[in-house]
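Commentary on secondary and tertiary structure
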Amino acid sequence: MSGPFCPPLDAAASSPPELAAQAAGLPLPPPLPLARPTRSLAGSWLVAGLGSFGLALAGGALAGGPGAVAGGAAALIAASLLVLRSQRLETALRAAEARADAAEAAARQATAENLAKSRFLAEMSHELRTPLNTVMGFSEMMADEVLGPHRVQAYGSYARDIHASGQHLLALADDLLDLARIESGHRTLMETPVRLDALAEDCVAMMRPLAAGARVTLTAEVTGTPRLWGDERALRQIALNLLANAVKFTPHDGSVRLLAGLGAGGMPFVAVEDTGPGITERELPLGAAHPRESRLDLATGRGAGLGLAIVRGLAGLHGGALALERRPGGGTRAEVTFPPARALQS
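What you see is a predicted model; the values in this text were computed from it and never measured. (Residues numbered from 1 in each chain as written. Predicted model: local features only at pLDDT ≥ 70, side-chain atom pairs only at ≥ 80, totals over all residues. Heavy atoms only, no water.)

1. Digging into the overall build of the protein
- Scanning the protein from terminus to terminus reveals 10 helices and eight strands.
- Taking the intrachain contacts of the protein between residues at least 6 apart in sequence as the baseline, contacts between residues at least 24 apart amount to 71%.
- Counting every atom, the protein has about 19500 Å² of accessible surface; 62% of that belongs to carbon and sulfur. (Helix = DSSP H or I, 4+ residues; strand = E, 2+ residues; numbered from the N terminus. Contact = heavy atoms within 4.5 Å. Areas by Shrake-Rupley, 256 points an atom, 1.4 Å probe, with all protein chains shown as cover.)

The following block contains the structure:
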């Protein structure tokens, strides 16, 4: 039996599915494109293979009797949909690969730029120290009238101003150098057992003249005699930076308190609480710590907004973290917590 929809059975049996479909009078779908063999296109190859298998089934069905025509047409439609889905999946995967490559390139460029910035800061800080030491040395000699009294007394006041400005610039250079070393990974820790109670007392004693000049009460409160395995110089710098920042933002007749001990879960901590205006919602989370320090520096001329950044970097080298929060009664609490593994038995 033969006809427009029913080719001879012997011819269909010995013909491939494409010839059977042509004999049935149905159009053939376009040939499958060769996908670029990448590791992420395995799913596309699988779907394309299923589409080819569906075409073969459709051709075999159409080579049968009239009752198999509907099934063959459905198989052709399903195969075409699978091929279309395969092409779309391949396009999506290629676009995802392009985005991933662009993100990796951007990350590499950002890392390189950050390292270049850190090297520049380190080199500039080093170059500033030599002339600043000269300026400070001669200005101190002039202020103290080492070579004889000034004929004009105002010169002594000018020399003292020059010396104070040189100290400010030298402190700024030191901060830039510390920050550059931390960000470039050149700041290494010299770890030893550190007593937090002794460290707190020393830091409070060092900051007491500054607090007295600002008419701020400065106290220390340490629970027990906690010991921490860490870099004593870095821990001292953390405490001093937090204290200096708190004293700067605390108005006259306010108070600043340094706390240290073991917190929840045996985590060592160093915290500073003040009665200043408190950190604002705009300045949280901690990623916006720089604006808080630099916001008032234009008026006071003190600091460069690097204190909290250095504290955060030194805490990170110890595996710790810095957190800022508003106190319920007013003021700010800045707390550095360290991993419990760094706590030592007293």
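2. Quick word on the sheet that holds strand β2 (residues 217-222)
- With mixed pairing, five strands are arranged side by side in an open sheet as β2-β4-β5-β7-β6. The sheet terminates laterally at β2 and β6 (321-326), the two strands that pair on one side only. Neighbour to neighbour, the strand axes of the sheet diverge by 15 degrees on average, direction disregarded.
- Two strands pair when backbone bridges link them, and β2 and strand β4 (residues 255-262) are joined in this way by six bridges, in the parallel orientation. Its bridge partner lying in β4, T217 is registered against S255.
- Sheet strands in contact with helix α6 (residues 196-213) are β2, β4 and β5 (268-274), and its direction is about 180 degrees off that of β2.
- Relative to β6, helix α10 (residues 307-317) is tilted by about 135 degrees, and along the sheet it contacts β6 and β7 (332-337). (Pairing = 2+ DSSP bridges. Axes fitted to C-alpha atoms, helices over the stretch in contact; angles between N-to-C directions.)

3. Thoughts on the sheet that holds strand β8 (residues 343-344)
- Strand order in the open sheet formed by three strands is β1-β3-β8, with antiparallel pairing between adjacent strands. Single-partner strands in this sheet number two, and they are β1 (191-195) and β8.
- Of the strand pairs in this sheet, strand β3 (residues 227-231) and β8 are connected by two bridges, and their pairing is antiparallel. Its bridge partner being in β8, R227 is matched across the sheet by L344.
- Of the strands in this sheet, β1 and β3 touch α6, which is tilted by about 75 degrees from β1.
- Packing against the sheet, helix α7 (residues 232-249) makes contact with β1 and β3, and its axis sits at approximately 100 degrees to β3.

4. As for the UniProt feature "coiled-coil region" (unreviewed entry) in the protein
- Per the UniProt record, "coiled-coil region" (unreviewed entry) is annotated on residues 86-113.
- Along residues 86-113, the helical share is 100% and the strand share 0%, with 41 Å between the first and last C-alpha atoms. (UniProt positions renumbered as here; feature names shortened; annotations may be inferred.)

5. Quick look at the packing of helix α5 (residues 154-184) against α10
- Here α5 crosses α10 at 35 degrees, and the two axes come no closer than 10 Å. Like other packed secondary-structure pairs, α5 and α10 cross with a definite hand, here left-handed. Between α5, through D175, D178, L179 and I182, and α10, the contact on the second element is made entirely by A309, I310, G313 and L314.
- Taken together, the residues that form the contact of α5 with α10 break down as five nonpolar, one polar and two charged. (Left-handed = near helix turned anticlockwise from the far one by under 90°. Nonpolar A, V, L, I, M, F, W, Y, C, P; charged D, E, K, R; others polar.)

6. Things to note about empty space enclosed by the protein
- Tallied over the full model, the rule gives two cavities of 30 Å³ or more.
- Residue lining of the second largest cavity: L196, L199, A200, A239, L258, A260 and V270, and that is the complete set.
- When contributions to the lining of the second largest cavity are tallied by element, the ones reaching two or more residues are α6 and β4.
- Examining the composition of the lining of the second largest cavity, we find that three residues originate from one element, α6, more than from any other.
- Each residue belonging to the lining of the second largest cavity can be placed in one class, and the counts come to seven nonpolar, no polar and no charged. (1 Å grid on protein atoms, 1.4 Å probe; cavity = no way out; pocket = protein on both sides within 12 Å on 5 of 7 lines; lining within 4 Å. Points joined across faces, edges and corners; volume = space filled by probe spheres on them.)

7. Let's talk about α10
- Across the 11 residues of α10, eight count as buried, placing the element largely inside the fold.
- Among all positions of α10, only G307, L308, A309, I310, V311, G313, L314 and A315 are buried.
- Where α10 ends, the next residue or the one after it, G319, has phi of about 80 degrees, a positive value. (Buried < 20%, exposed > 50% of the residue type's maximum accessible area, 1.4 Å probe, protein only.)

8. A look at α7
- Taking 1.5 Å as the rise per residue, α7 with 18 residues should run 26 Å; its terminal C-alpha atoms sit 26 Å apart, in good agreement.
- Across the 18 residues of α7, 14 count as buried, placing the element largely inside the fold.
- A distance of 3.0 Å separates the backbone nitrogen of R233 from a side-chain oxygen at the start of α7, and that oxygen is part of D231. (Expected span 1.5 Å × (residues − 1). Polar contact = N/O pair within 3.5 Å; in protein donor to acceptor, adjacent residues only side chain to side chain.)

9. Overview of the pairing of β5
- Most of β5 sits inside the fold, with seven of its seven residues counted as buried.
- Across the two faces of β5 the burial is the same, with P268, V270, V272 and D274 and F269, A271 and E273 all buried.
- Where β4 lies against β5, seven bridges are found, and the strand directions are antiparallel. In the sheet register, A260 faces β5, and the bridge partner there is V270.
- Linking β4 back to β5 in an antiparallel pair, the connection comprises five residues, with G265 at a positive phi of about 75 degrees.
- Strand direction decides the pairing type here: β5 and β7, joined by five bridges, are antiparallel. Its bridge partner lying in β7, V270 is registered against V336.

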